[in-house]
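Residue-level structure breakdown
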Amino acid sequence: MARNGTEVAEGVHRLTNGVSNFYLIEENGKLVLVDAGAPKDWARLTRAVTALGRRVADLDAVILTHAHSDHTGFAEQARTTAEAQVWVPAPDSDMATTGKAGPREGKATAYLLRPAFYRTLWILTLGGATKIIPVREVSTFGDGETLDVPGRPRAVHAPGHTPGSAALFFESRRTLLTGDALVTHNPLTGRLGPQIMPSGLNSDSAQALRSLDNLAGITADVLLAGHGEPWTDGVAAAVSRAKAAGTS
Ligand SMILES: [Zn+2]
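Notes on the structure in this doc start here. (Residues numbered from 1 in each chain as written. Predicted model: local features only at pLDDT ≥ 70, side-chain atom pairs only at ≥ 80, totals over all residues. Heavy atoms only, no water.)

As a benchmark, a tetrahedral metal site with four donors has ideal angles of 109.5 degrees, while an octahedral site with six donors has ideal angles of 90 or 180 degrees. Here the zinc ion is held by Asp-70 (OD), His-71 (NE2), Asp-180 (OD) and His-227 (NE2), and the distances to it run 2.0 to 2.7 Å. For the zinc ion, the four donor atoms in the first shell make angles of 86 to 169 degrees at the metal, so the coordination geometry reads as irregular. Site description for the zinc ion: donor spacing in sequence, D-H-x108-D-x46-H. Within this pair, whereas Asp-70 is found in helix H2 (residues 69-72), its partner Asp-180 is found in the loop between strand E10 (175-179) and strand E11 (183-185), the two being separated by 110 residues in sequence. Relative accessible area serves as the criterion here: at 2%, Asp-180 is assigned to the buried category. (Donors = N, O, S within 2.8 Å, 3.2 Å for Na, K, Ca; no water. Tetrahedral: all angles 85-135°; square planar, octahedral: opposite > 155°, others 65-115°. Helix = DSSP H or I, 4+ residues; strand = E, 2+ residues; numbered from the N terminus. Buried < 20%, exposed > 50% of the residue type's maximum accessible area, 1.4 Å probe, protein only.)

So, about the nonpolar core. One finds Leu-24, Leu-33, Leu-45, Leu-59, Val-62 and Phe-74 to be the most contacted residues of the largest nonpolar core, which totals 25 residues. Every element with two or more residues in this core is listed here: strand E3 (21-27), strand E4 (30-34), helix H1 (42-51), strand E5 (59-63), helix H3 (75-81), strand E6 (85-89) and helix H4 (93-98). If we skip the residues at most four places from it in the chain, Val-62 touches Leu-33, Asp-35, Ala-36, Ala-75, Ala-78, Ala-84, Gln-85, Val-86 and Trp-87. If you look at the next biggest cluster of nonpolar residues, it comprises 24 residues, including Ala-167, Leu-176, Ala-208 and Leu-223. (Core = buried A, V, L, I, M, F, W, Y, C linked by side-chain atoms within 4.5 Å. Contact = heavy atoms within 4.5 Å.)

Here we have seven strands laid out as an open sheet, ordered E1-E2-E3-E4-E5-E6-E7, and mixed in their pairing. The strands lining the two open edges of the sheet, one partner per strand, are strand E1 (7-9) and strand E7 (139-141). Taking each pair of neighbouring strands and ignoring which way they run, the sheet shows an average axis angle of 30 degrees. By the bridge criterion, five bridges tie strand E2 (residues 12-16) to E3 in an arrangement that is antiparallel. When the bridges of E3 are listed, His-13 appears paired with Leu-24. The strands touched by H1 are E2, E3, E4 and E5; relative to E3, the strand with the most contacts, the crossing angle is about 30 degrees. (Pairing = 2+ DSSP bridges. Axes fitted to C-alpha atoms, helices over the stretch in contact; angles between N-to-C directions.)

Right, let's get into the sheet that holds strand E9 (residues 166-170). Ordered by their spatial adjacency, four strands build an open sheet running E8-E9-E10-E13, and the pairing between neighbours is mixed. Each edge of the open sheet is held by one strand with a lone partner, namely strand E8 (154-157) and strand E13 (222-225). Neighbour to neighbour, the strand axes of the sheet diverge by 20 degrees on average, direction disregarded. Pairing between E8 and E9: four bridges, direction antiparallel. The residue of E9 that forms the bridge with His-157 is Ala-166.

Turning to the packing of aromatic side chains, a few remarks are in order. One pass over the structure, following the stated rule, counts three aromatic pairs. Measuring from ring centre to ring centre gives 5.5 Å for Trp-42 and Phe-74, while their planes differ by 65 degrees; the resulting arrangement is edge-to-face. Pair noted here: Trp-42 is in helix H1 and Phe-74 is in the loop between H2 and H3, with a separation of 32 residues, a long-range link. The buried category is assigned to Trp-42, whose relative accessible area is 13%. The class of Phe-74 is buried, set by a relative accessible area of 2%. Considering the side-chain rings of Phe-117 and Tyr-118, the 5.1 Å spacing of their centres and the 90 degrees angle between planes classify their relative orientation as edge-to-face. Residue Phe-117 is classed as buried on the basis of its relative accessible area of 10%. With a relative accessible area of 42%, Tyr-118 lands in the partly exposed category. One aromatic cluster is present, formed by Phe-22, Trp-42 and Phe-74 through successive ring pairs. (Phe/Tyr/Trp six-rings, centres within 6.5 Å; stacked < 30°, edge-to-face > 60°.)

Printed below as a string of structure tokens:
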């Protein structure tokens, strides 16, 4: 069946501000979001929902893969406007509810010679993502948990980018959403292909590399990352490429 421009797997739509992706999933007339872009991406979401012939009120849940500002974005607005339940990995829940970002391993100044660094900074500043907008009420989830939201994704804990970073596996759609545990575009160096996030944005890059093993055994037709294009050559291949790429 032909898919429209944003549909990257059956009923799964990739929305992007040019730096971070978020995904709108249709399930039996209900909508679920995985991540919430930057704060100003709310308008992008409402346009996408309208294009699907649905209303913002159809949004049941927002699942955050981790609590960084380019993914928590408009989650609070979704909670208050659409009464969507916001889910966050338990170790990142303080970050999401207080807006206080955790420590990063590396320094952003290490990327000052990279044009991609300025592009990312510019887009996220315009999008209002320079800090987390606290989410006042969240539900938390842990490793291996099947979330009671439409599509019933299973959480796979893959820490290192943040302590709580998780991937979400929508088994019936053979779709794995990896958040920032495994990405296909490096927002600070511009490098393409499967890799972990750059050290300047990770809490623990060595742990992030080890966590790739938690994803390797999953069979999915499409891997959808927090940054970059969809990957359709299998999860195991993506994991081995990311390990080979190492840290940045
Ligand atoms: Zn990110």
